[in-house]
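Structural overview
As a plain string of letters, each chain reads:
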Amino acid sequence: MSRVLVVEDQPNLLRSIVSATTEAGFTVVGASTLREATEQLSNSPDLVILDIMLPDGSGLDWLKCCRSEKNDVPVLLLTARDSIEDRVRGLDCGADDYLIKPFSIDELLARVRALLRRRLPEPRNEARMLQIQDIQVDLMARTVLRNGRPIELQPRQFELLVFLMQNRNQIVTREMIAASVWKQPDATWTNVIEVHINHLRKKLELPGTTPMLQTVRGKGYRLGDAL
């Protein structure tokens, strides 16, 4: 049974989310402060539902700290801010998805299920490594090297890279990425996918390396042999 940590300081909303996710079959723990969230994080939840504005600090700063400590637990942000800049900032801090308040509980549960489904299955030993030219990915250790140099990727960026490498030298559409990486096959993910592609490209293009991630206008993206 998947374990969910809900971090929200509004008592009514916290109770509502905890109740709904528990009824949906998850093991749920609630926290109303970042201090409580940090304590609960030691219990290794499978997913965190995180409010941005909390009484003892910023949820985004807390998330960045988690990612800097190599914690790759999927995180769904709850925010009252709906501008593109705020969404991009949340993704840049390491969030995997976000919901804008007010939201429906049904949509919240759908996104929780999608985030839990997207976690990579345990690879077999013979398939633990992926490599294209000087890019090497260890699926079990979740590490990426390019020309022997480590590249730090957020969890979603890592999964996006794996999907592109598994389809090397082929054009993949945004719809294919949404269905395979986000587990949400609809067009509403277009802007989110584009943000992640651009950030992944910047991280892969180390000084002295050859560009390998291409945007194919009107079609999608391609990762493969030197462009």
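What counts and what doesn't
Residues numbered from 1 in each chain as written. Predicted model: local features only at pLDDT ≥ 70, side-chain atom pairs only at ≥ 80, totals over all residues. Heavy atoms only, no water. Core = buried A, V, L, I, M, F, W, Y, C linked by side-chain atoms within 4.5 Å. Buried < 20%, exposed > 50% of the residue type's maximum accessible area, 1.4 Å probe, protein only. Helix = DSSP H or I, 4+ residues; strand = E, 2+ residues; numbered from the N terminus. Disulfide = S-S within 2.5 Å. Expected span 1.5 Å × (residues − 1). Arc of directions from axis to C-beta. Contact = heavy atoms within 4.5 Å. Pairing = 2+ DSSP bridges. Axes fitted to C-alpha atoms, helices over the stretch in contact; angles between N-to-C directions.

Attention now goes to the nonpolar core. Residues V48, L50, L77, V137, L161, I177 and L223 are the most contacted members of the largest nonpolar core, which totals 52 residues. In terms of residue count, helix α6 (residues 155-166) provides more of this core than any other element does, seven residues in total. The next biggest cluster of nonpolar side chains, apart from the first, holds 17 residues, and it includes V4, L47, F103 and V112.

Here we take up the state of the cysteines. Considering all chains together, one arrives at zero disulfides under this definition. Of all cysteine sulfurs in the structure, the one in C65 sits closest to C66, which takes part in no disulfide; the separation is 6.0 Å. Free cysteine: C93, not disulfide-bonded; nearest cysteine sulfur from C66 at 11 Å. Under the relative-accessibility criterion, C93 is labelled buried at 6%.

With that settled, the discussion passes to helix α1 (residues 11-23). The first and last C-alpha atoms of α1 sit 18 Å apart over 13 residues, in line with the 18 Å expected at 1.5 Å per residue. Within α1 the residues assigned to the buried category are L13, L14, I17, A20 and T21. Buried residues of α1 fall within an arc of 140° about the axis and therefore sit on the same side. Relative to its buried face, α1 has exposed residues pointing more than 90 degrees away, namely P11, N12, R15 and E23. Buried residues in α1 make contact with β1 (3-7), β2 (27-31), β3 (47-51), β6 (75-79) and α5 (105-117). Positive phi appears at G25, one or two residues downstream of α1, with a value of about 105°.

Here we take up the sheet that holds β2. Spatially, the five strands line up as an open sheet ordered β2-β1-β3-β6-β7, and their pairing is parallel. Both outer strands of the open sheet, β2 and β7 (97-100), are each paired with one neighbouring strand and no more. The mean angle between the axes of side-by-side strands here comes to 20°, regardless of whether they run parallel or antiparallel. Bridge analysis of β1 against β2 gives five bridges, and the strand direction is parallel. Considered in β2, the bridge of V6 is made with G30. Here helix α2 (residues 34-41) sits on the sheet in contact with β1, β2 and β3, set at roughly 165° to β1.

Pairing within the open sheet is antiparallel, and its three strands lie in the order β12-β14-β13. Strands with a single pairing partner mark the edges of an open sheet, and in this sheet they are β12 (171-172) and β13 (213-216). Running at roughly 75° to strand β14 (residues 220-223), α6 makes contact with β12, β13 and β14 of the sheet.

The next thing to look at is α6. Taking 1.5 Å as the rise per residue, α6 with twelve residues should run 16 Å; its terminal C-alpha atoms sit 17 Å apart, in good agreement. Most of α6 sits out of view: eleven of its twelve residues are buried. Buried residues of α6: P155, R156, Q157, F158, E159, L160, L161, V162, F163, L164 and M165, and no others.

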